[in-house]
Amino acid sequence: MGKSGPEGKSFEIPKRLVWEAYKSVKANKGAAGVDGRSIEDFESDLRNNLYKIWNRMSSGTYFPPPVRAVEIPKPHGGGTRILGVPTVADRIAQTVVALQLEPRMEQIFHEDSYGYRPGRSPLMAVGKCRERCWKKDWILDLDVQKFFDSVDHDLMVRAVEANTGQKWVVLYVRRWLKAPMQLPDGTVADRDRGTPQGSAVSPVLANLFMNYAFDWWLERKFPTVEFERFADDAVVHCVTERQARDGERRAAVASRQNQDNILQGQ
């Protein structure tokens, strides 16, 4: 990447982190964003392009472009869902923040959280679920409806603030949450809630939010109940039908309390 060093920059962001982020984005491949540039296009002037990302992020002047909305069919029918596809450069910038947050997140995430975490997979969650189903006869099969479309921005930022001392991380999380979305018809829509599925930083943000709103809430309220969660889907194991239905009722009315916990940084 080269060029100038961190002197005079608003934030101290290691160039190594930008390089690691680029390698991760390259390995994951992915489609072009609103600028139509592929990873190969980005690599045609790799040194300068990576330097621009580092320079702007370190100076506090990085502003994300709109996210390209792509409609994909839901599995097993049921209509479509919207994926947000950032530009290659924006995916790299988002991955810088995700890599910065990851060590702290791994310290606080619940053991039974499996989604988008290093060394974990959907098959691991299924394996643990199957093991527990042999021991307990009742389950709650939960899906947080429209989670990625509707999560509250202020609450998400509060959760991030509670887990990092890096002001630049909070700054850019705010900007990504507010970044507009370019719809399939070419129009650009502002966003006041949600974090797009498909972006590089959304998985860690979603896990962080659900860590407070679901995992540790369940741990406090039902300390003997076991569960597996993958992003916004979860299976909760119960001994009796009564326990399962009581858990379903409590979960339905717990949303406000859990949001208050996030506001208080709990």
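Preceding this paragraph is the structure being described.
Bear in mind the structure is a predicted one, so any value in this text is a computation, not a measurement.

Caption draft 1: Representation of the pairing of strand E1 (residues 67–73). Across 2 bridges, E1 lies against strand E4 (residues 181–182) in parallel orientation. Directly across from Arg68, in E4, lies its bridge partner Gln182. Where E1 and strand E2 (residues 80–85) come together, 6 bridges link them in antiparallel fashion. Bridged to Val70 within E2 is Leu83.

Caption draft 2: View of the pattern of salt bridges. Tallied over the full model, the rule gives 13 salt bridges. One salt bridge in this structure joins Glu226 and Arg132, with 3.7 Å as the shortest N-O distance. Residue Glu226 is found in strand E6 (residues 226–230), and its partner Arg132 is found in helix H5 (residues 122–133); the two are separated by 94 residues along the sequence. Residue Arg132 is classed as buried on the basis of its relative accessible area, which comes to 9%. Across the pair Arg245 and Glu241 runs a salt bridge whose closest N-O atoms are separated by 2.9 Å. Here the residue Arg245 and the residue Glu241 both occupy positions in helix H10 (residues 241–253), the gap between them amounting to 4 residues, near one helical turn. Through salt bridges that share partners, Asp112, Arg132, Lys136, Glu226 and Glu228 make up one connected network.

Parameters at a glance
Residues numbered from 1 in each chain as written. Predicted model: local features only at pLDDT ≥ 70, side-chain atom pairs only at ≥ 80, totals over all residues. Heavy atoms only, no water. Pairing = 2+ DSSP bridges. Helix = DSSP H or I, 4+ residues; strand = E, 2+ residues; numbered from the N terminus. Salt bridge = Lys/Arg side-chain N within 4 Å of Asp/Glu carboxyl O. Buried < 20%, exposed > 50% of the residue type's maximum accessible area, 1.4 Å probe, protein only.

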